[in-house]
Amino acid sequence: VSGIEKELRSFLDAHAVLPGSSAAYLSDFTEERGLGGHADAVVLPRSAEETAQVVAWCYERDVPIVPRGGGTGFAGGAVPFGGVVLSLERMTAVRSFDPLVWRIEVEAGMRTADLRRIVRESGLFFPPDPGAAEQSHVGGNIATNAGGPHAFKYGVTGAWVLGLEAVLAPGQLVRVGGPMRKDVAGYDLKSLLIGSEGTLGVVTAAWLRLLPAPEVFLPVVAFYGGVTAGAAALQRVVGTGLAVAALEYLDGGALAAAGGSFPEGVPDGAAFLVIAEADGSRAEAERLREEVVDALAEGSLAVRTPADAAALWRWRDGVSLAVTAQRGGKVSEDVVVPFERIAEGIDGTLEIGRRHGLEACSWGHAGDGNLHSTFLVTPGDAEELERCERAVDDLFALALRLGGSISGEHGVGAVKRAHVDAYLPPAVRAVQGQIKRLFDPKNLFNPGKKL
Ligand SMILES: Cc1cc2nc3c(=O)[nH]c(=O)nc-3n(C[C@H](O)[C@H](O)[C@H](O)COP(=O)(O)OP(=O)(O)OC[C@H]3O[C@@H](n4cnc5c(N)ncnc54)[C@H](O)[C@@H]3O)c2cc1C
């Protein structure tokens, strides 16, 4: 038992402290690329006040604090390199729910899928829909400003956060924003905390904005023989002004990996898939769906209108795992490029794979120009993993050359830290460093991440 664990046990209840060796808290989805960590203790607070108490204790003793949600991150943000893992998993309460004004206040440890279910029962809709929603937490979504397929129409998580309760250094519980839809009094600290990956403080609760649920979700899927025809179809949907809720793609490699379980099967020769979805009232969504079918038809092998939207999105959620299953491991990034350059990003990913002797593929949120560019690895093959890291360098350079960014969703975490320097101009980097020091003068909130 570490000294830190023993001391924490002196003021927290027995269930609130686990040994630092508790394996479930030492990795996230970067485990498939070999990243693991270590900790001195794991704390599971039951309230915001207890979280503040733990942060104050750590801050006083120079002990790093690594906030943890569901551990579904792809950037190693929740992987500890010593110190205390602060898992919010026991903080799952709905603090208040006001369906008539489309608003809910929940604790940070609530699972994303539970939130969506709870509000749906009252006819409301929380649009952010990152994959892995059964495991990820609201706090983790906020800390990564997570997106998802429907971010194309509805925006990313941050667009739905009205206010946050958070513990800042050296252990003070604060509230920024709140149960109101607008707030410009002072600087926008809420937006600084959103996407800060646990490096500025610990989010303990959030007020979230909701919408009346669309009456129907009507997806359209279209198959193409390759990237050129598929990318032209994506351009037509956007260029003809069709306001779809989601606009997704899979390239040939991703489709080959996941196609076996595609509802109703994949036509012969298909090497590119587009998913678009119309939502809204039945009349309005049906009209839009017809227009989407027309826009996707040109150059396609088949266009379908699946009856079961939920089954389609369940399948789409499984794409990442299906790709991993090909070889047991993968290095998957989330570069983002201007929408009109997405074909160059997709082709460029394959070209980089060839250059480094790696099997590559991509899929992602086409409407947002967000590619999950992926290189397959055999677990334990250190040399192949090393080649992947070189391929990722080239991938990030490609994203920048195309006018994009090294991360559209997953964040920087531990794995992209070295690349942030190349991405951020010196003047911007300097301000970012100053912000970090202001919030966290002792560099104890998730050290080794983000900057
Ligand atoms: C199959 C799969 C599909 C995915 N699809 C998407 C997608 O479509 N879009 C997308 O954006 N992401 C996606 N992701 C990535 C991941 O699910 C999201 O980033 C998710 O929002 C992370 O939430 P989490 O609770 O698991 O966070 P964790 O992995 O636990 O943590 C992520 C980061 O947030 C910090 N953090 C967590 N909780 C708090 C808190 N309460 N206060 C302060 N900091 C905190 C951690 O320190 C860490 O830096 C996917 C992941 C998987 C495995």
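Described below are features of the structure shown in this document.

Criteria and cut-off values
Residues numbered from 1 in each chain as written. Predicted model: local features only at pLDDT ≥ 70, side-chain atom pairs only at ≥ 80, totals over all residues. Heavy atoms only, no water. Buried < 20%, exposed > 50% of the residue type's maximum accessible area, 1.4 Å probe, protein only. Helix = DSSP H or I, 4+ residues; strand = E, 2+ residues; numbered from the N terminus. Pairing = 2+ DSSP bridges. Near = heavy atom within 4 Å. Polar contact = N/O pair within 3.5 Å; in protein donor to acceptor, adjacent residues only side chain to side chain. Areas by Shrake-Rupley, 256 points an atom, 1.4 Å probe, with all protein chains shown as cover. 1 Å grid on protein atoms, 1.4 Å probe; cavity = no way out; pocket = protein on both sides within 12 Å on 5 of 7 lines; lining within 4 Å. Sits in = over half its atoms within 2 Å of the grid points. Nonpolar A, V, L, I, M, F, W, Y, C, P; charged D, E, K, R; others polar. Salt bridge = Lys/Arg side-chain N within 4 Å of Asp/Glu carboxyl O.

## Here's the deal with the pairing of strand β6 (residues 103-107)
- Burial runs high along β6: five of the five residues are buried.
- Here β6 shows a buried face lined by Arg103, Glu105 and Glu107 and a second buried face lined by Ile104 and Val106.
- In this sheet, β6 lies alongside strand β5 (residues 94-98) in antiparallel orientation, the contact comprising four bridges. Paired with Ser96 across the two strands is Glu105, which belongs to β6.
- Following β5, the chain reverses through four residues before pairing antiparallel with β6; Trp102 in that reversal takes a positive phi of roughly 60°.
- Summarising the sheet, β6 and strand β10 (residues 202-209) pair through five bridges and their orientation is antiparallel. Residue Glu107 lies in a different strand from β10, and its bridge partner there is Ala205.

## Description of the site of the ligand
- In the region of the ligand, 35 residues are neighbours, and Pro67, Gly69, Gly70, Thr72 and Asn141 sit closest.
- Residue Gly131 places a main-chain N or O atom 3.1 Å away from a nitrogen atom belonging to the ligand.
- Contact between the ligand and Val203: a nitrogen atom at 2.9 Å from a main-chain N or O atom of the residue.
- Computed on the free molecule, the ligand has an accessible area of 970 Å², of which 96% lies beneath the protein chains in the complex.
- Put simply, the ligand lies in the largest pocket.
- Elements with a contribution of two residues or more to the shell around the ligand: β3 (65-68), α4 (138-144) and β10.
- Top contributing element to the shell around the ligand by residue count: α4, with five residues.
- Its residues placed into classes, the shell around the ligand shows twelve nonpolar, 20 polar and three charged.

## A few points about the pattern of salt bridges
- One pass over the full model with this rule turns up 27 salt bridges.
- The residue Arg236 makes a salt bridge to Glu298 at a minimum N-O spacing of 4.0 Å. Of this pair, Arg236 sits in helix α7 (residues 227-239) while Glu298 sits in the loop between α9 (282-297) and β15 (302-304), and the two are 62 residues apart along the sequence.
- What makes Glu298 exposed here is its relative accessible area of 56%.
- Here Glu359 ties to Arg327 by a salt bridge, and the two come within 3.1 Å at their closest N and O atoms. With Glu359 in the loop between α12 (342-355) and β17 (360-365) and Arg327 in helix α11 (residues 319-327), the pair connects residues that are 32 residues apart, well separated along the chain.
- Under the relative-accessibility criterion, Glu359 is labelled partly exposed at 44%.
- Each member of the salt-bridge network shares a partner with another, and the members are Arg95, Glu105, Glu107 and Glu165.

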